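Listed below, chain by chain, are the residues.
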Amino acid sequence: MILFKNVRPIIDGKIEEKCDIAVNNGKIYDIASNIDISSADITYDLKGGILASGYIDIHTHGGGGHDMMEGTKVAIEEISKYHLITGTTTYCPTTLTADLPTTLAALDNVRKYNSPYAKIYGTHLEGPFLSMKAPGAHPPAYILEPNEKNTEWVWDNKDIVSRITVAPDQKSSDWFTKKCTENNLQISMGHDASIDDEINALTKNGASSVTHMYNCTSRCSRRTTPHKHLGLTEVGLTDDRLYNEVIADNRHVPNPLFKMIYKLKGADKICLVSDSLAIAGNHGGEFFLGSGISKQKIVIEEDVAIIKELNTYAGSVTPISKMVANLCQNLNIPLGECVKMASLNQAKLMKMTDRGDIKVGMLADFNLIDEKGNLLKTYLGGVEVNKDNI
């Protein structure tokens, strides 16, 4: 048994009174006052330190010098290491829109990899079912409109796919969303040029989140008449059914804008995501978004990844742990709420019942943080992560 003494755990977004936490076989066995130390094989005395559930990143392309689209064991292993040492203990490797063979190879690579580092909770398909009018950093040549034939591969890979970004203005996106929901695949809406009628149709059919709010999310607009329609940005901010992914790196979403999102959605409906790239955690040499014929060169300017040829942000280099610290220190959001946006909300959105909070029976994946949200240590299955040995 592993025993954590004198802990202030964050449970359901609130910092609780000091207690002890017992861990057995990688899971939380007991939470109580003064658990007997004699029964423990390993004891960590945190001296009143704040313990948060390990962070969950449901939208990340890579890190540590590698992109998941590379489709190699080295790539997915280095990405898993990068996330673990930055406080993310569970993540969803995210694809870039590409040709089908490259995508299938990347999915199969994740399927075959059993991570001893950050845990993988299926993959996130960011494409190919996006809008040609809002591709962002995704190569338009590989974007598809979903139909019976070109989605067959999705059902063949539902064992490793856990969520998909879909543009509501794509033809048959409502049909596709309904079928995905019936197959327990979580649908997030994004990279779109949609209007409210299209967005509401997907929400009715099970879509439950917005992909990286304010980044390739449609705005209020007109179609063929003077009538104004809400876009995904406005619907996402006002529909209580929808979680909002937010890249809180003060670049993709500047802090004053995050403050507005937080005011509208509250801490219960925001999921912090890194949208991190290969270059995250590794700033030497040339780096790309994606791999193979669809890859695009990225550079870092002012702490954000940019595709210069497109004059657009490509993704972030900021891990969720730094976003927690940013929101706590610079926007004075309560620490417990920052942690909720980094783990519990993701678990609820993705229907993860064994992680995301500190409760008996859940995985003992923890982050030790200070009062300002700075990451101090990470524990995987109750065991302290030694960053020097990873």
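An account of the accompanying structure is given in this report. In this text, all values refer to a predicted model and were calculated from it rather than measured experimentally.

### Some details on the pairing of strand S5 (residues 42–53)
As judged from the seven bridges shared by strand S1 (residues 2–11) and S5, these two strands associate in the parallel manner. Looking at S5, one finds that Val7 is bridged to Gly49. Direction of pairing for S5 relative to strand S23 (residues 366–369): antiparallel, over a ladder of four bridges. The partner of Ile50 across the bridge, within S23, is Ile369.

### Overview of the nonpolar core
With 76 residues, the main nonpolar core has Ile164, Phe258, Leu272 and Leu327 as its most contacted residues. Here this core gets seven residues from one element, more than from any other, and that element is helix H9 (residues 335–349). Aside from chain neighbours lying at most four places away, what touches Leu327 is Ala248, Phe258, Leu272, Asn332, Ile333, Cys338 and Met341. Counting 16 residues, the second-largest nonpolar core is a separate cluster that includes Ile21, Met362, Ala364 and Tyr379.

### Concerning H9
The end-to-end C-alpha separation of H9 is 21 Å, in line with the 21 Å expected for 15 residues at 1.5 Å each. Burial analysis of H9 places 13 of its 15 residues in the buried class, which makes it a mostly covered element. Directly after H9, the chain includes Lys351, whose backbone phi takes a positive value near 60°.

### What to know about the sheet that holds strand S17 (residues 243–246)
Consider a sheet: its strands pair through backbone hydrogen bonds, and that pairing is either parallel or antiparallel. Reading across the sheet, the six strands line up as S11-S12-S13-S14-S17-S18 and stay open at both edges, with parallel pairing between neighbours. Looking at which strands have only one partner, the edges of the open sheet turn out to be strand S11 (123–126) and strand S18 (270–272). Of the strand pairs in this sheet, strand S14 (residues 209–210) and S17 are connected by two bridges, and their pairing is parallel. Across the sheet, residue Val210 finds its bridge partner in S17, namely Asn244. Of the strands in this sheet, S17 and S18 are in contact with helix H7 (residues 255–265), which crosses S18 at around 140°.

### Thoughts on the pattern of salt bridges
Tallied over the entire structure, the rule returns 15 salt bridges. The salt bridge partner of Arg8 is Glu371, with a shortest N-O separation of 2.8 Å. Placement of the pair is Arg8 in strand S1 and Glu371 in the loop between S23 and strand S24 (375–380), with a sequence separation of 363 residues. A single network of salt bridges, built from pairs that share partners, joins Asp108, Arg111, Lys112 and Asp159.

Definitions and cut-offs
Residues numbered from 1 in each chain as written. Predicted model: local features only at pLDDT ≥ 70, side-chain atom pairs only at ≥ 80, totals over all residues. Heavy atoms only, no water. Pairing = 2+ DSSP bridges. Helix = DSSP H or I, 4+ residues; strand = E, 2+ residues; numbered from the N terminus. Core = buried A, V, L, I, M, F, W, Y, C linked by side-chain atoms within 4.5 Å. Buried < 20%, exposed > 50% of the residue type's maximum accessible area, 1.4 Å probe, protein only. Contact = heavy atoms within 4.5 Å. Expected span 1.5 Å × (residues − 1). Axes fitted to C-alpha atoms, helices over the stretch in contact; angles between N-to-C directions. Salt bridge = Lys/Arg side-chain N within 4 Å of Asp/Glu carboxyl O.

Any functional reading would require information beyond the geometric quantities listed.
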